[in-house]
Amino acid sequence: MNTTPDDFDPIPSTRHRVAIGVASLKHAEAEADALAVPVALGAEPREELGTSAAGLASAGFTGERGQTLVQARADGPVRVAVGTGAPGQIDATLARDLAAEFARAVPWHKRLAIEVPSRELGISPADFAQAVTEGVLLARWRYFVGRDADRAPLESLLVVAGDEDAEEAGIGVERGRVIAAAYCLGRDLANCPATTLSAARMAEVALEVGPPAGLEVEVFGKDQLIEMGCGGLLGVNRGSVEPPRMIRLRYQPEQPTGRIALIGKGVMYDSGGISLKPSDESHAQMKNDMTGAAAVLASMTALKALACTSVVTGYLMCTDNMPSGSAMKLGDVLRMRNGTTVEVLNTDAEGRLVMADGLALAAEEPVDAIVDIATLTGACLRTFGVEIAGVMGNDPAVVEQLRRAGDVVDEPVWELPLHRSYRSQLDSSIADLSNMGGVNAGSITAALFLEEFVDGRPWAHVDIAGTAQLPAPRTWRNKGATGFGTKLLIEFALEFARRPEASSRAARS
């Protein structure tokens, strides 16, 4: 049978199950084909490594943070020494990175095992097990549609723990499995060719993965969006042969302690519209312009399994941005969901138009915080590069919680000022505002545009234009579309429920 792009599976990682569990060293040595053993700086390694600190040093391995040394064995699994740095200083970020380096050091081995270090190294068995599960699974993930696409990148992962740590490690393994599965889903979607993953197909994916994860899924088509007055999403969609979709997801715990709305930019392919992008590598990456929507969907699939206690509503604003005879033109005026009129000065500033309708919809419901996430501005890429996302907002507590969440999961965000004197750059002579500011501070003026649609609700905007794509693999991060934001939103939602102010607001509602 001939395979066309339309036949590609948009979410292949959900079809492959890796066997993951906690095991004794004896069992791991019998079942795994590569075993990682953590070694602290200057410390004698465990006997199962089969050598001494002096022997490791002779091969150039000292236990420095991030070092790996592969040792082939005549019998049993390959041993891989992984350096943890100074004793007592290992944390989840380091553990996740070490596990990823281990997984990359033995690329042809499919049955991996990694030992839980002693507690003296500064991390609990649960936190270590969670981090290394994430690290191995994410490092071994791939989206590939070539001839060996069915080749499993990983078959099993065993976390080796003694009897006294096994139960705690098991809890960590399960959390790591859930988070990694969500992240892989987000990566699948962001890397899927745009020909395959249209807005309509994105809705089908949401209907497939949402209900089993405890999510209510509603899909709104073009006619419904017209009735709803979503002029931003409809305006961007004018040039596309693919119809738009707005996908609303709802996670509802039994005893909610807070209410969050997440809005994700879902521009399935961004040509720039009439303001056509140049034909360069940046343009070729524009299938990832829906990474924000992918992160919202992916993160929400993990909430039930992780016992999130906040109500979370997600809005995925999905369309192509294409040039054609019917495409949105420069100078057009759109009327958004909340009645605001917007003069279009650049059709390549389309993300804020589709997000505006989602923000307006979210602000119509009872909500304690609104967070939007979008590959929004090249200015953010030029400011922070590919490893840090920008964050802005009208509520310091929400912004700070996103910053802390990013630090915990190693998806860092950095705050830019929401400098309101720049709002005048968005003034229009014929409409309420325009969709472009001046040549400078583009990330800030884009956020100021979005703020017009939150109706004063506590809100933060995460700009992932830089972090959505990596030019080369780094630890657990893979080359290509990264899926950045999935872990950030999971951690934010889980910790939001623990905010006293959120709980008190929920009790009053």
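In case you missed it, the structure is sitting above this.
In short, a report on the structure.

Rules used in this analysis
Residues numbered from 1 in each chain as written. Predicted model: local features only at pLDDT ≥ 70, side-chain atom pairs only at ≥ 80, totals over all residues. Heavy atoms only, no water. Buried < 20%, exposed > 50% of the residue type's maximum accessible area, 1.4 Å probe, protein only. Helix = DSSP H or I, 4+ residues; strand = E, 2+ residues; numbered from the N terminus. Pairing = 2+ DSSP bridges. Core = buried A, V, L, I, M, F, W, Y, C linked by side-chain atoms within 4.5 Å. Contact = heavy atoms within 4.5 Å. Axes fitted to C-alpha atoms, helices over the stretch in contact; angles between N-to-C directions. Disulfide = S-S within 2.5 Å. 1 Å grid on protein atoms, 1.4 Å probe; cavity = no way out; pocket = protein on both sides within 12 Å on 5 of 7 lines; lining within 4 Å. Points joined across faces, edges and corners; volume = space filled by probe spheres on them. Nonpolar A, V, L, I, M, F, W, Y, C, P; charged D, E, K, R; others polar. Phe/Tyr/Trp six-rings, centres within 6.5 Å; stacked < 30°, edge-to-face > 60°. Lys NZ or Arg CZ within 6 Å of the ring centre and 35° of its normal. Left-handed = near helix turned anticlockwise from the far one by under 90°.

### Considering the pairing of strand E5 (residues 111-115)
Counting buried residues along E5, four of its five residues qualify, which places the element largely inside the surrounding structure. Bridge count between strand E2 (residues 34-39) and E5: three bridges; the pairing is parallel. What sits directly across from Leu35, in E5, is Ala113. Pairing analysis gives five bridges linking E5 to strand E6 (residues 156-160), with the strands arranged parallel. Within E6, the position partnered with Ile114 by the bridge is Val159.

### Let's talk about the nonpolar core
Counting residues in hydrophobic clusters, the biggest one holds 98 residues, and the most contacted among them are Phe102, Leu189, Met202 and Val462. Here the element with the most residues in this core is helix H5 (residues 163-191); it accounts for eleven residues. Setting aside anything within four residues of it in sequence, one finds Val462 in contact with Val371, Asp372, Ile373, Ala374, Ala389, Gly390, Val391, Leu402, Val413 and Leu488. In this structure, Met228, Val236, Ala356 and Val454 belong to the second largest nonpolar core, which totals 46 residues.

### Let's talk about the sheet that holds strand E1 (residues 19-23)
Here we have six strands laid out as an open sheet, ordered E1-E6-E5-E2-E4-E3, and mixed in their pairing. Both edges of this open sheet fall to E1 and strand E3 (68-71), since each of them pairs with a single strand only. The mean angle between the axes of side-by-side strands here comes to 20°, regardless of whether they run parallel or antiparallel. Set on the sheet, helix H4 (residues 125-140) makes contact with E1, E2, E5 and E6; between it and E6 the angle comes to about 155°. Sheet contacts for H5: E1 and E6; angle to E1, the most-contacted strand, approximately 165°.

### Focus: the state of the cysteines
A covalent bond between the sulfur atoms of two cysteines is what we call a disulfide. Here the structure, examined in full by the defined rule, presents zero disulfides. Free cysteine: Cys230, not disulfide-bonded; nearest cysteine sulfur from Cys318 at 12 Å. The buried category is assigned to Cys230, whose relative accessible area is 0%. According to the relative accessible area criterion, Cys318 is buried, its value standing at 0%.

### Examining the sheet that holds strand E15 (residues 413-415)
The strand order E7-E8-E10-E9-E13-E17-E14-E15 describes an open sheet built from eight strands, whose pairing is mixed. A strand with exactly one partner marks an edge of an open sheet, and here the two such strands are strand E7 (215-220) and E15. The mean inter-strand angle of the sheet, taken between neighbouring strand axes irrespective of direction, is 20°. Bridging between strand E14 (residues 389-393) and E15 involves three bridges; their strand directions are parallel. Counted as the bridge partner of Ala389 is Val413 from E15. Against the sheet, helix H11 (residues 351-363) contacts strand E8 (245-251), strand E9 (259-270), strand E10 (311-321), strand E13 (369-374) and strand E17 (459-463), and its axis sits at roughly 155° relative to E9.

### Some points on helix H10 (residues 291-300)
Of all ten residues that make up H10, ten are buried, and the element is covered over most of its length. Where H10 is concerned, the buried positions are Thr291, Gly292, Ala293, Ala294, Ala295, Val296, Leu297, Ala298, Ser299 and Met300.

### Overview of the pairing of E9
E9 sits mainly inside the fold: ten of its twelve residues count as buried. In the sheet, E9 pairs with E10 via ten bridges, with the strands oriented parallel. Pairing of Ile263 across the sheet is with Tyr315, part of E10.

### Details of the environment of Leu137
Relative to the helices and strands, Leu137 resides in helix H4. Taking relative accessible area as the criterion, Leu137 reaches 12% and is therefore assigned buried. Considering only alpha carbons, one finds Leu137 and Gly176, 39 residues apart in sequence, at a separation of 8.9 Å.

### Overview of empty space enclosed by the protein
Applying the stated criterion across every chain yields a total of one cavity of 30 Å³ or more. Put simply, the largest cavity is a space of about 90 Å³. Considering the residues around the largest cavity, the lining is formed by Tyr183, Val386, Glu387, Glu411, Thr467, Leu470, Arg474, Trp476, Arg477, Thr482 and Phe484. Its residues assigned to classes, the lining of the largest cavity comprises five nonpolar, two polar and four charged.

### What about the packing of aromatic side chains?
A full pass over the atoms with the stated rule returns three aromatic pairs. For the ring pair Phe449 and Phe453, a centre distance of 5.3 Å and an interplane angle of 45° mean the geometry is tilted. Each member of the pair, Phe449 together with Phe453, is buried. In this arrangement the basic side chain of Lys487 is found over the ring face of Trp476, its NZ or CZ atom lying 4.1 Å from the centre.

### Structural notes on the packing of H11 against helix H14 (residues 442-451)
At a minimum axis distance of 9 Å, the contact between H11 and H14 shows a crossing angle of 35°. As for the relative orientation of H11 and H14, their crossing is right-handed in sense. Contacts from Arg352, Leu353, Met355, Ala356 and Leu359 of H11 reach H14 at Ala446, Phe449 and Leu450. Each residue belonging to the contact of H11 with H14 can be placed in one class, and the counts come to seven nonpolar, no polar and one charged.

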